[in-house]
Amino acid sequence: MRQTTAAFRSRYRAGIHPRYNPWLHGAFVLLFGILAIAAFWSTVDQVQPLEWLAVPLTLLLFNFGVYGMHRHLGHHKKNFARMFYARHAGDHHSFFAPGHMTYDSPRDWRVILFPAWLIVVHTVVITLPLWWLLTQVDANVAGLSAGCLVLGYLAYEVFHACAHLPPGNPVTRLPWIRQMRRLHELHHRRELMQGCNFNIVFPLMDYLFGTLYWEPEPPPLHSTTIPMTRMQHQIHIAANPIAVLAYASTVTRWPQWHPSSLKIDGQDGPLHAGSRFEEDIRAGGREGHLHWTVDEYLPGRRWSAQARGADGLSLVVTYECEAEGDGTRFVRTLVYQFSGLGMRIANRLLLKRRIDGESAASLQALREMVLKHLASTGVPA
């Protein structure tokens, strides 16, 4: 069953064991890792200049290993790594999607951090034997390399956790953390997650293998000092979620079912994240022009876009679909604001009521047009 991100989060949280302690989880990983690093590095004595090369070379090797595992096992199902695939591509990418990239409470760390036992396996099963083998050649290289392998693991856990911090956390404003958070946010887009931004700490392998993708952060849409208007409407449509959202996110069809949309200048078909288009509107009795940017498209689940217009107008519209019986529950959420005082007053007195009526009417028309479109194309509802 296809679900909205909110529905998946509720189901996942309900499945977390009542005795799960996120603070104990995080503390164990951090403490075990620090003690393991200290133990390995305690075997080092009078390091020669060439032996120090073990540090960057080991971290480089770890960076490559993480990249390969994330890219080829985290997003492509292999028989020997089914649990990792299910936990990463299934749980983690369903829990965190564009627009829902931060955790709400420490118990959500369960879907961010690796299982606590994994650092023990990484240290005892992988790092310790490698340390023993290297001691047969050079004890200093062995100690430095083993410690760096555990350090790389801890760095991954810390940076990944930072990527999902609430935006108000001061850590998110640190320069390197901010850039890596943005790369990870782009990676979580449905259309990008199998092909871009697999590094978490340092994007070297993404750069070398041509999988590094960057878009600058969009400017903040909403001012915290200006009141926002939010309205949400929903309707049941007797068609599957993929077909419903594909029709609704084909913006060239908006004038067919939304009374406020007059003309669209954009591409045909469902628009993916990063797409842009223009729209002439008449909303609440006022004509205007909007410049749109699509933020997210998860087929059958969620589509979101933001727009700016005259009079300091900024808005976000979101479509969410969830299977309901033999059809789809379609939810349309509109959030908008005006920066000018005059338009804020007009919105409160008149525009808000008219726009709410137009939004409600649009869903009735959408249901009719979706069913008519599917019938005309012969696509099963």
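Each residue is numbered by its place in its chain's sequence as written, counting from 1. Local features in this predicted model are restricted to residues of pLDDT 70 or higher, and side-chain atom pairs are both shown and tallied only at a pLDDT of 80 or more, whereas totals for entire chains, interfaces and linings draw on every residue. Excluding hydrogens and water, the side-chain figures rest on all heavy atoms present in the structure.

As annotated in an unreviewed UniProt entry, the protein carries the name Fatty acid hydroxylase domain-containing protein and comes from Pseudomonas fluorescens.

S.K.: Account for the overall build of the protein, with residues named and values stated.
M.R.: In DSSP terms, a helix is any run of H or I states spanning at least four residues, a strand is any run of E spanning at least two, and both are numbered starting from the N terminus. Across its full length, the protein holds 11 helices and 7 strands. To sort residues, take the accessible area from a 1.4 Å probe on protein chains only and compare it with the maximum for the residue type: under 20% means buried, over 50% means exposed, and anything in between is partly exposed. Here the protein holds 381 residues, and 46% of them are scored as buried. Accessible surface, the protein as shown: approximately 19300 Å² in total, 62% of it carbon and sulfur. Counted charges follow a simple rule, with Lys and Arg positive, Asp and Glu negative, and His plus the chain ends left uncounted. Where a charge lies is defined by one atom per residue type: Lys uses NZ, Arg uses CZ, Asp uses CG and Glu uses CD. In the protein, the 36 positive side-chain charges and the 28 negative ones have mean positions that sit 5 Å from each other. For the area figures, the Shrake-Rupley method with a 1.4 Å probe applies, and any residue is considered shielded solely by the protein chains shown.

S.K.: So, the nonpolar core: which residues are in play, and what are the values?
M.R.: The biggest cluster of nonpolar side chains holds 41 residues, and the ones touching the most others in it are Trp254, Phe277, Trp292, Trp303, Tyr319, Phe330 and Leu366. Here this core gets 8 residues from one element, more than from any other, and that element is helix H11 (residues 341-377). Should any heavy atoms of two residues lie within 4.5 Å, those residues are counted as being in contact. Not counting residues up to four positions away in its chain, the partners in contact with Phe277 are Val251, Trp254, Ile264, Asp265, Gly266, Leu271, Leu290, His291, Trp292, Val294 and Trp303. Here, nonpolar core means buried Ala, Val, Leu, Ile, Met, Phe, Trp, Tyr and Cys residues that are tied together by side-chain atoms lying within 4.5 Å of each other.

S.K.: With reference to specific residues and values, describe empty space enclosed by the protein.
M.R.: Lining residues are defined by having an atom within 4 Å of a point belonging to a cavity or pocket. Those points lie on a 1 Å grid over the protein atoms alone, cavities being sets where a 1.4 Å probe fits but cannot get out and pockets being open sets with protein on both sides within 12 Å along at least five of seven lines. Grid points are joined across faces, edges and corners, and a volume is the space filled by probe spheres set on the points. This structure, assessed with the given rule, holds 3 cavities of 30 Å³ or more. Roughly 130 Å³ of internal volume is contained in the largest cavity. Surrounding the largest cavity, Phe84, Arg87, His88, His92, Val111, Ile112, Phe114, Tyr156, Glu157 and His160 form its lining. As a working rule, the residues Ala, Val, Leu, Ile, Met, Phe, Trp, Tyr, Cys and Pro are called nonpolar, Asp, Glu, Lys and Arg charged, and the rest polar, with Gly in that last group. Looking at the lining of the largest cavity, its residues break down into 5 nonpolar, 3 polar and 2 charged. Of the volumes computed, that of the second largest cavity is approximately 40 Å³. Every residue lining the second largest cavity is listed: Phe159, Cys162, Ala163, Ile177, Met180, Arg181, His184 and Ile200. Looking at the lining of the second largest cavity, the elements with two or more residues in it are helix H6 (139-163) and helix H7 (175-187). The biggest single contributor to the lining of the second largest cavity is H7, with 4 residues.

S.K.: Please provide a residue-by-residue account of a nonpolar patch on the surface, values included.
M.R.: A surface patch of nonpolar side chains, amounting to about 670 Å² of accessible area, comprises Met83, Trp117, Val121, Val124, Val125, Ile126 and Leu128. For the nonpolar patch, the element with the highest residue contribution is helix H5 (residues 116-135), accounting for 6 residues. Position of Val125 relative to the elements: it lies in helix H5. Patch definition: residues above 30% relative accessible area lacking any salt bridge, with like charges linked at up to 9 Å and the nonpolar side chains Val, Leu, Ile, Met, Phe, Trp and Tyr linked at up to 5 Å. Any carboxyl oxygen of Asp or Glu within 4 Å of a side-chain nitrogen of Lys or Arg constitutes a salt bridge here.

S.K.: Account for the layout of surface pockets, with residues named and values stated.
M.R.: By volume, the second largest pocket amounts to about 710 Å³. As for the second largest pocket, its lining consists of 23 residues, of which Met69, Leu118, His122, Ile126 and Tyr153 are closest to the centre. At the level of elements, helix H3 (54-72), helix H4 (82-95), H5 and H6 are the ones that each hand at least two residues to the lining of the second largest pocket. Among the residues forming the lining of the second largest pocket, the class breakdown is 18 nonpolar, 3 polar and 2 charged.

S.K.: Give me the pattern of salt bridges: which residues, what numbers.
M.R.: Following the criterion strictly, the structure yields 12 salt bridges and no others. Between Asp108 and Arg13 there is a salt bridge; the shortest N-O distance is 2.8 Å. Placement of Asp108 in the loop between H4 and H5 and of Arg13 in helix H1 (residues 5-15) is noted, with a sequence separation of 95 residues between them. We note a salt bridge from Arg302 to Glu320, for which the minimum N-O separation is 3.2 Å. Of the two residues, Arg302 is situated in strand S5 (residues 302-308) and Glu320 in strand S6 (residues 314-324); the sequence distance between them amounts to 18 residues. Grouping residues by exposure puts Arg302 and Glu320 together as buried. Through salt bridges that share partners, Arg9, Arg13, Asp104 and Asp108 make up one connected network.

S.K.: Break down the UniProt feature "domain: Fatty acid hydroxylase" (unreviewed entry) in the protein for me, citing the residues and quoting the values.
M.R.: UniProt positions are given in the numbering used here, feature names are shortened, and annotations may be inferred rather than shown by experiment. Taken from the UniProt record, the annotation "domain: Fatty acid hydroxylase" (unreviewed entry) applies to residues 57-211. Across residues 57-211 one finds 60% helix and 0% strand; the C-alpha atoms that close the span lie 22 Å apart.

S.K.: So, the environment of Gly33: which residues are in play, and what are the values?
M.R.: Among the structural elements, Gly33 can be located in helix H2 (residues 22-41). Sequence-wise, Gly33 and Asn79 are 46 residues apart; in three dimensions their C-alpha atoms are separated by 29 Å. The residues touching Gly33, leaving out its near neighbours within four places in the chain, are Ile119, Val150 and Leu154.

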